[in-house]
Amino acid sequence: MSKYILALDQGTTSSRAILFDHAGHPHASEQQEFRQIFPQPGWVEHDASEIWASQLGVMQKLMKSSGVAVADIAAIGVTNQRETTVLWDRATGEPVANAIVWQDRRNAALCERLSEEGKAPLFQQKTGLVMDAYFSGTKLRWLLDNVPGARERAQRGELAFGTIDSWLIYKMSGAHITDTSNAARTMMFNIHTREWDQELLDILEIPASLLPRIVASSGIAAHTHAELLGAPVPIAGIAGDQQAATFGQACLKPGMAKNTYGTGCFMLMNVGQKPVASKNNLLMTVGWTLANGQTDYLLEGSAFVAGAAVQWLRDGLGIIRDSSEVEALASSVSDAGGLMFVPAFAGLGAPYWDPYARGTMVGITRGTTKAHIARAALEGVACQNVDVLAAMQRDAGMPLTELRVDGGAARNDMMMQFQADLLDVPVVRPQVTETTALGAAYLAGLAVDFWSSLDEIASQWRMERRFEPAMSTDERQGRLHAWQRAVERSRSWIE
């Protein structure tokens with residue numbers, strides 16, 4: 001019997017490989033950061049070849065450092081930064097341009113034009129997504145329009161499009177596929193029929209021949225080339241990072257929700273096996289499709305900047321040397337000294353969807369120190385989630401009883417307590433915070449009978465700490481009022 005599932009977690013700033021055992025515990029892991037490319041304001045790119053090299057590197061390094069034999073691996077699960085768009089040459093397997101990252105706003109004007117033409121309601125009805133530069137479809141359109149010869153080559157069938165899952169699996173196996181959770185983030189996929197939508201492709205002027213075949217999130221979809229690990233291994237789990245984290249947090253029943261504090265903040269709630277149309281500017285997205293065809297849907301609200309705010313304190317301002325120092329610095333003052341920080345570096349996500357908002361600090365005085373700035377940054381990240389949760393509870397028509405949390409910043413006790421205080425809901429942190437990779441492992445393991453059922457997966461979830469709300473109603477309302485005033489000052493800043 002195989003002992004492990006290998007999870008590949010390809011994130012926005014690093015590629016990781018983690019081996020999980022039967023108990024759902026990480027056995028060993030490797031990680032490697034890669035370059036962030038900022039060609040001009042509002043643009044964010046990655047070198048897709050560098051992503052592949054880093055992911056292959058950590059996978060092979062992990063096998064060597066852990067001493068685990070390829071025969072001990074039952075399957076591979078892949079999870080990925082979503083919406084990041086790669087266009088490559090089918091013959092050579094080489095990208096024709098840098099990947100356009102989910103944070104990139106260069107296609108905001110195209111989204112605005114489509115909205116002005118009255119197309120936004122059609123896209124929302126079919127895809128569950130709002131018309132925003134965040135998603136892959138308009139990024140792909142930009143590449144076809146701006147990379148010399150790309151449109152002609154695409155029409156001849158020479159090029160392939162994929163989100164990062166497709167790109168990695170193509171490099172690992174030669175298969176050109178994506179799962180329903182990633183397809184649901186492209187603006188080209190109909191969440192009701194669970195197929196690519198020709199009407200939307202025509203509006204975006206995208207040839208269908210570019211697109212990957214859609215497969216289930218859990219099910220043997222391909223096998224790796226033998227030379228990568230020494231023998232072929234089934235690729236049996238695929239999910240976008242936030243859907244994978246929701247699965248890894250065992251939010252498997254309607255009304256269960258989690259929030260991931262990664263580069264951005266992503267709150268998702270399971271609403272069951274029928275999509276719920278959002279009336280509050282949230283996204284309705286596919287959570288996962290199991291091998292038996294069962295598809296769960298999620299309501300999602302995203303804030304584009306969370307951990308990225310801490311990176312900015314480190315790299316942009318230089319007020320910390322390492323991200324791990326931020327909690328001690330922020331805790332060295334009892335409050336933010338009246339400072340409000342809106343981390344809208346790449347615009348505002350749900351429920352505002354304002355690509356022209358920008359990061360804002362309000363309330364600076366002569367007494368403001370770097371500790372106040374650090375605390376205000378952490379509080380600003382938490383404040384964003386209040387707006388999202390309020391919209392989510394209105395859409396779902398069900399109150400949240402607790403919020404499960406994960407991601408790097410979820411280890412910050414000060415911020416988690418502040419989050420519970422602001423939301424007035426208990427915040428619960430699991431023992432295993434690598435929930436994104438764990439979700440991909442669970443999806444792969446289910447497909448090869450490494451785990452027997454959803455019930456077995458749910459039974460493995462364990463709490464590490466529960467943060468109970470402790471803030472008075474008056475103080476909470478005062479803080480949220482100040483936050484709303486600061487948000488208004490950040491909005492529509494770019495004219």
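Model, not experiment: these values are computed from the prediction. (Residues numbered from 1 in each chain as written. Predicted model: local features only at pLDDT ≥ 70, side-chain atom pairs only at ≥ 80, totals over all residues. Heavy atoms only, no water.)

Describing the overall build of the protein chain
How we decide: Segments assigned H or I by DSSP are reported as helices when at least four residues long, segments assigned E as strands when at least two residues long, and all are numbered from the N terminus. A radius of gyration in this sense is built from C-alpha atoms; the matching globule rule multiplies 2.2 Å by the number of residues raised to 0.38. The classification of residues rests on relative accessible area computed with a 1.4 Å probe and restricted to protein chains. Under 20% of the type maximum is buried, over 50% is exposed, and intermediate values are partly exposed. Residue contacts are counted whenever heavy atoms from the two residues lie within 4.5 Å of one another.
Within the protein chain one finds 17 helices and 23 strands. The C-alpha atoms of the protein chain give 22 Å as radius of gyration, which agrees with the globular expectation for 495 residues (23 Å, within 12%). C-alpha atoms of the protein chain, sized along the principal axes, occupy 60 × 55 × 45 Å. Burial statistics for the protein chain: of 495 residues in total, 62% are counted as buried. Contacts in the protein chain between residues at least 24 apart in sequence constitute 73% of all its contacts with a sequence separation of at least 6.

Brief notes about the layout of surface pockets
So the rule is basically this: Cavities and pockets are found on a 1 Å grid laid over the protein atoms alone: a cavity is a set of points where a 1.4 Å probe fits but cannot escape, a pocket is an open set with protein on both sides within 12 Å along at least five of seven lines, and a lining residue has an atom within 4 Å of such a point. Grid points are joined across faces, edges and corners, and a volume is the space filled by probe spheres set on the points. Basically, the charged four are Asp, Glu, Lys and Arg, the nonpolar ten are Ala, Val, Leu, Ile, Met, Phe, Trp, Tyr, Cys and Pro, and anything else, Gly included, counts as polar.
Of the voids in this model, the largest pocket is the one considered here, and its volume is about 1,200 Å³. Surrounding the largest pocket, 43 residues form its lining, Y261, G262, T263, G407 and G408 being those nearest its centre. Those elements that place two or more of their residues in the lining of the largest pocket are β2 (14-20), β3 (26-33), α10 (241-248), β15 (257-261), α11 (307-317), α12 (326-331) and α15 (435-447). It is α11 that contributes the most residues to the lining of the largest pocket, 5 residues altogether. By volume, the second largest pocket amounts to about 570 Å³. Together, 23 residues line the second largest pocket, and F38, Q103, A308, Q311 and F345 are the ones closest to its centre. Looking at which element gives the most residues to the lining of the second largest pocket, the answer is α11, with 5 residues. Each residue belonging to the lining of the second largest pocket can be placed in one class, and the counts come to 11 nonpolar, 8 polar and 4 charged.

Overview of the sheet that holds strand β1 (residues 4-10)
As a reminder, the rule being used: DSSP-based pairing: two strands are paired if at least 2 bridges between them are found. Where helices are involved, their axes are fitted lines through C-alpha atoms of the stretch in contact, as for all axes, and angles between N-to-C directions lie from 0 to 180°.
The 6 strands are arranged β3-β2-β1-β5-β14-β13 in an open sheet whose pairing can be described as mixed. Every other strand in the sheet has two partners, leaving β3 and β13 (218-223) as the edge strands with one partner each. When the angles between neighbouring strand axes are averaged without regard to direction, this sheet yields 25°. In terms of strand pairing, β2 meets β3 through 7 bridges, oriented antiparallel. Along β3, the bridge assignment pairs S15 with Q32. Running at roughly 30° to β2, helix α1 (residues 48-66) makes contact with β1, β2, β3 and β5 (73-80) of the sheet. In the packing of α10 onto the sheet, contacts are made with β5 and β14 (234-240), and the angle to β14 comes to roughly 105°.

Considering the packing of aromatic side chains
Using the following cut-off: Pairing of aromatic side chains here covers Phe, Tyr and the six-membered ring of Trp, requires ring centres within 6.5 Å, and sorts the geometry by plane angle: under 30 degrees stacked, over 60 edge-to-face, intermediate tilted. In this scheme, Lys NZ or Arg CZ marks a charge over a ring once it lies within 6 Å of the ring centre and within 35 degrees of the ring normal.
For the structure on display, the rule yields 17 aromatic pairs. Feature note: the residues W102, Y134, F135, F266, F304 and W353 constitute an aromatic cluster, connected by ring pairs. One cation-aromatic arrangement involves R106 over W43; the distance from NZ or CZ to the ring centre is 3.8 Å. Cation over ring: R106 sits above W142, and NZ or CZ is 4.4 Å from the ring centre.

Some details on empty space enclosed by the protein
Scanning the model with the defined rule gives 1 cavity of 30 Å³ or more in all. Put simply, the largest cavity is a space of about 70 Å³. If you go around the largest cavity, you meet 14 residues; those closest to its centre are A303, L348, G349, A350 and Q384. When residues of the lining of the largest cavity are traced back to their parent elements, those giving at least two are β18 (295-303) and α13 (370-396).

Here's the deal with the side chain of D104
Stated formally: Residues adjacent in sequence count toward polar contacts only when both atoms are side-chain atoms; beyond that, a polar contact is any pair of N or O atoms within 3.5 Å, and within protein one must be able to donate a hydrogen and the other to accept it.
For D104, the position within the fold is in the loop between β7 (99-100) and α2 (108-116). A distance of 2.9 Å separates a polar side-chain atom of D104 from the backbone nitrogen of R106. Dropping the residues within four chain positions of it, D104 is found in contact with G42, W43, V44, A133 and K139.

A look at the pairing of β1
Counting buried positions over the 7 residues of β1 gives 7, a clear majority of the element. Covered by surrounding structure in β1 are Y4, L6, L8 and Q10 together with I5, A7 and D9, the residues of both alternating faces. Across 7 bridges, the pairing between β1 and β5 is parallel. The residue of β5 that forms the bridge with L6 is I76. Direction of pairing for β1 relative to β2: antiparallel, over a ladder of 6 bridges.

So, the nonpolar core
Short version of the rule: Only buried Ala, Val, Leu, Ile, Met, Phe, Trp, Tyr and Cys residues count toward a nonpolar core, and they belong to the same one when joined by side-chain atoms within 4.5 Å.
Ranked by internal contacts, the top residues of the largest apolar core, which has 139 residues, are L87, L210, F247 and Y261. Examining the composition of this core, we find that 15 residues originate from one element, α13, more than from any other. For F247, the contacting residues outside a window of four places in its chain are L252, W288, L290, G439, Y442, L443, L446, L454 and I457.

Here we look at the environment of P355
With respect to the helices and strands, the residue P355 is situated in the loop between β19 (340-342) and β20 (360-362). Sequence separation between P355 and S492 is 137 residues, and the spatial gap between their C-alpha atoms is 7.8 Å. Once residues lying within four places of it in the same chain are set aside, the contact partners of P355 are R105, A108 and G347.

Regarding the pairing of β2
Counting buried positions along β2 yields 7 of 7 residues, so the element is predominantly enclosed. Across the two faces of β2 the burial is the same, with S14, R16, I18 and F20 and S15, A17 and L19 all buried. The antiparallel pairing of β1 with β2 creates a hairpin that spans 3 residues between the two strands. The hairpin formed by β2 and β3 contains 5 residues between the paired strands, and G24 there has a positive phi angle of roughly 80°.

Some thoughts on unusual backbone geometry
With an omega dihedral of -5°, the bond running from A350 to P351 counts as a cis peptide bond. Relative to the helices and strands, P351 is located in the loop between β19 and β20. Non-glycine residue R194 carries a positive phi angle of around 60°. Topologically, R194 is positioned in the loop between β10 (189-190) and β11 (195-196).

Some words on helix α17 (residues 473-490)
Our working definition: Here the expected length of a helix is defined as 1.5 Å per residue gap, with one fewer gap than residues. Picture the helix axis, draw a direction to every C-beta atom, and the arc is the one those directions span.
Between the first and last C-alpha of α17 there are 26 Å, a value that for 18 residues agrees with the 26 Å anticipated at 1.5 Å per step. Turning to α17, its buried residues are R476, L480, W483, A486, V487 and S490. Considered in projection along α17, the buried side chains sweep an arc of 120° and stay on one side of the axis. Opposite the buried face of α17, at more than 90 degrees from it, the exposed residues are D474, Q477 and H481. Tucked into the core, α17 has its buried residues touching β19, β20, α13 and α14 (413-423).

Function cannot be inferred from these measures alone, as they are strictly geometric.
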